[in-house]
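Okay, here's what each chain looks like letter by letter:
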Amino acid sequence: MSDGRLFDVPAPWPAAALWLGPPGWPASADAAGPPAHVHRDPDAALDALRAAVADDHRLTRLLIIHQDAFAGSDGGGRLTNWLAGAGALRAPLLPVLLHGDLPAAQLVEFFRAGLFDALAVPVSRADWVNMLIRAEKQLQRRDHGRLLLETSGHTRETLRRLRQELGEPGESPAELLRARDSLEAANRQLSDAMAELSLLYRFGRELSAASNWDEVLREILRSLTGFVGAGGAALVLRAAAGGTYSPRQTWQWNEGSWDKVLVNLQDQVDAAVAESILAPGIFRLEPGQTAGRAAGQRLIALPLEHQEVRLGYLLLLFVSPEAREAVSRRYLPFLQAVRLVLAEEIAGAQHSDRVREVGAFNARVLQTVSSAIWVTDELGQTVYCNRAGQEMLTGTAVEDTSPDDALFRVGRGRALAALPAAAAGLPELFLDARLALSAADGPPLTRLRGAPDGAWQGEGEIRRDDGVGIPVQLQTSFMPGRQPGEQWLVVVAEDLRPARRLEAERLRTGSLQALVEMSATLAHEIRNPLAGLSAQAELLAAQLPDGDPRGRYLDVITREVERINGTITRMLNYVRPYEPALAPCDLWEIARDALELAGPHAREAGVALALEAPGESTAASACWLEADSGQLGQVLLNLLLNGVDAAPRGGRVTVALAREARCDLPDPRSGGHRRGPGVVVEVRDDGPGFRDGDAARLFQPFFTTKSSGTGLGLSLCRKVVSAHGGGIAAARRGDQTVFRLTLPAGATAGTRPLQEEAT
Ligand code: ADP
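Residues numbered from 1 in each chain as written. Predicted model: local features only at pLDDT ≥ 70, side-chain atom pairs only at ≥ 80, totals over all residues. Heavy atoms only, no water.

**Here we look at the pattern of salt bridges**
Stage number 1. On inspection of all chains with the given rule, the structure shows 25 salt bridges.
Stage number 2. For Arg310, the salt bridge identified is with Glu305, shortest N-O distance 2.6 Å.
Stage number 3. Put simply, Glu682 and Arg740 hold a salt bridge, and the shortest N to O gap is 2.9 Å. With Glu682 in strand β22 (residues 673-685) and Arg740 in strand β24 (residues 736-744), this residue pair connects regions lying 58 residues apart in the sequence.
Stage number 4. Classification of Glu682 as buried rests on a relative accessible area of 5%.
Stage number 5. Salt bridges here are not isolated pairs; linked through shared partners, they connect Glu612, Glu660, Glu682, Arg684, Arg733 and Arg740. (Salt bridge = Lys/Arg side-chain N within 4 Å of Asp/Glu carboxyl O. Helix = DSSP H or I, 4+ residues; strand = E, 2+ residues; numbered from the N terminus. Buried < 20%, exposed > 50% of the residue type's maximum accessible area, 1.4 Å probe, protein only.)

**As for the site of the ligand**
Stage number 1. Taken together, 19 residues lie near the ligand, and Asn642, Asp685, Thr704, Thr705 and Leu714 sit nearest.
Stage number 2. In this structure, a nitrogen atom belonging to the ligand sits 2.8 Å away from a side-chain N or O atom of Asp685.
Stage number 3. Here an oxygen atom of the ligand and a side-chain polar atom of Thr705 are 2.4 Å apart.
Stage number 4. Look at the ligand: alone it shows 530 Å² of surface, and the protein chains cover 93% of it.
Stage number 5. Where the shell around the ligand is concerned, the elements lending two or more residues are α17 (629-646), α18 (713-723) and β24.
Stage number 6. The greatest single-element share of the shell around the ligand, amounting to four residues, is contributed by α17. (Near = heavy atom within 4 Å. Polar contact = N/O pair within 3.5 Å; in protein donor to acceptor, adjacent residues only side chain to side chain. Areas by Shrake-Rupley, 256 points an atom, 1.4 Å probe, with all protein chains shown as cover.)

**Here we look at the side chain of Lys719**
Stage number 1. Summarising the element assignment, Lys719 is placed in helix α18.
Stage number 2. Despite being buried, Lys719 has no salt bridge partner; Glu579 is the closest side chain of opposite charge, sitting 10.0 Å away.
Stage number 3. What Lys719 contacts, discounting residues up to four positions off in sequence, is Asn573, Tyr574, Val575, Arg576, Pro577 and Tyr578. (Lys, Arg positive; Asp, Glu negative; His and termini not counted. Contact = heavy atoms within 4.5 Å.)

**Points about the nonpolar core**
Stage number 1. Grouped together as the largest cluster of nonpolar side chains are 40 residues, with contacts concentrated most on Leu587, Leu639, Leu640, Val655, Leu657 and Leu741.
Stage number 2. Among the elements of the structure, α16 (587-605), β20 (624-627), α17, β21 (652-666), β22, α18 and β24 are those that each provide at least two residues to this core.
Stage number 3. Counting residues per element, this core draws most heavily on α16, which supplies eight residues.
Stage number 4. Not counting chain neighbours up to four residues away, the residues in contact with Val655 comprise Ala591, Leu595, Ala610, Leu611, Glu612, Leu640, Val681, Glu682 and Val683.
Stage number 5. Ile220, Ala230, Leu304 and Ala349 belong to the second-largest nonpolar core, a separate cluster that totals 38 residues. (Core = buried A, V, L, I, M, F, W, Y, C linked by side-chain atoms within 4.5 Å.)

**Some points on the sheet that holds β24**
Stage number 1. Ordered in space as β19-β21-β22-β24-β23, the five strands form an open sheet in which the pairing is mixed. Two strands close off the open sheet at either side, each with one partner strand: β19 (608-612) and β23 (727-733). The mean inter-strand angle of the sheet, taken between neighbouring strand axes irrespective of direction, is 25°.
Stage number 2. Inspection of the sheet shows β19 paired to β21 by five bridges, in the parallel sense. Across the sheet, the residue bridging to Leu609 is Val653, located in β21. (Pairing = 2+ DSSP bridges. Axes fitted to C-alpha atoms, helices over the stretch in contact; angles between N-to-C directions.)

Now the structure itself:
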């Protein structure tokens, strides 16, 4: 760079200037003589300036700097530092740099550090004079400002106070000037502090109001980078305590390898390596001489901590160690404040994220529990009602609600618009008088809120939209409301119907168990002597001569013994546990076989039999299903024989088969009913039917109205059908008695098995 002539400085040379450059410079043909203040060493020049400032402003204001005074690869950084050092003197100094066309970005750095002007060499005379004029104007402006300050009453008063504080009574212009300069310096500090404060305030405000957190973080990194003159910035956070760190947001971050940075953070910051500490909470990091752009870049790391938990780091990237040192000298207190604000806001945000997550989790859980839950405010208005609660009130299934749909409808009446659509039409538990307590007088709300801590347990009834009353077990308690001191009432209601059904079932199984034991004993007690009896009868018969009329008595004995045996077999069948042997079968065929078997009995009784089915033949039948064909055949036969017994002579018994897509089937889970694809079998007869009171008893074992009946047929039918997951019921329809069977039809229903199709 140092072609001496390039750096020639045209005339005129200002008298009050300090020169900083290599030996032999400045030199100019036009120059009147060598300048008074020439320095070769930047540190010496700064010392000279310091002395001049201390010495009553006998000061050369123009500092003319030769680029080579800061030679070498780190020259830029050193110049930045030097300028910052000169600026720190708080004196009216105007540094001018003569340079060999430095890049604009580099110059901007220098201006930021306090450079007044930069002139590319060779410097034309016109440029030089222009610079001198600008410098003169600048100095004039300062003097003018100083005059204004001095004439203002406020300033005089300040100066007076300053003088008093300094214990200097004099009013010499020099003293006035010094006082004014310290005032100006104080002002500058104040305005710097204001700028820092307003930035901090902005960070805090934007973070706490952030809806798009990442955008705000990026904006903060951007402002911060610009403000402190860093090259880039990054925020490294970890999702949870103990989790791993990862970059959450960056700005102009050219550091190549995050791994390296994170390892360095671990090594130098967490271990609090003494040399790395710039100030409490601020560390300098050497990311190592990695290849490429990262080389030479340096970091400042600010660990973000909240309640002794490390949340992450704010990292500032600098182009050189010098730039970093300059910044750290100037902005350490500010960075410490930034660190606190960021940590506080991030901790707050993470906390509210967690609260939100927990809230969503709770809402989801509440939506899925089977207990109905309401939260009501002090007036009894519903604040929250979960899915089971909605279903209990409306009697219809609520499908796929998002937790928000049922969530806190705070301020109903005050902010109706805020109501989620699903909750808008929902009846009020208390205000619409949908809840009645079993053993309590007065309005339920008063009764429940009157209980100590709102804690009440007991039975009640919830009235559904369709008027049906649902017996419920209730449990209530208070919870804190939105407003301080406000108490909301939590009502948890358990539908008692399934429990009651189960209880009935349990009783039935209990009596069944007794029946099993009794039957086994009976079978044992009766069958043995019966076996003896029939053997004796057969012996006797063998001994009787042919045609002996006493043979008829022996026939009666044998028949009766068989009948009793049959009854015992059926009774045992009824009480024995039964598991159907399922296989694809065609109900049409089963029905046809049963009709055939019932044929002789029907002919004897003068009753006609008929089969109605969707198809005439097996091929066209829509009644394929997975079933125990033998047992289903017995069921149909039993129903047919009962029908023939009931029908008058000349009457008719019909078996009708049909497939239904929405068949009413028992739901073993809820104990109620469900709709699903199924096969329906009806056995209808035109007999007189049964007495109203008997309808419920028909399927009970041993209920019979026939002199020779066992009363076990229908109970066996029900057992077989139930084991198939189906249902059976009897009803009168017009002039007919109808036994209706529903059987669930799975995937195989309605289509014939493939191998059948193939044949
Ligand atoms: P059983 O036929 O041995 O009496 P079931 O259990 O088959 O036993 O029938 C129980 C009772 O149900 C019968 O005695 C009869 O009173 C009544 N019942 C059955 N089927 C019919 C029907 N089709 N019409 C009128 N009553 C019937």
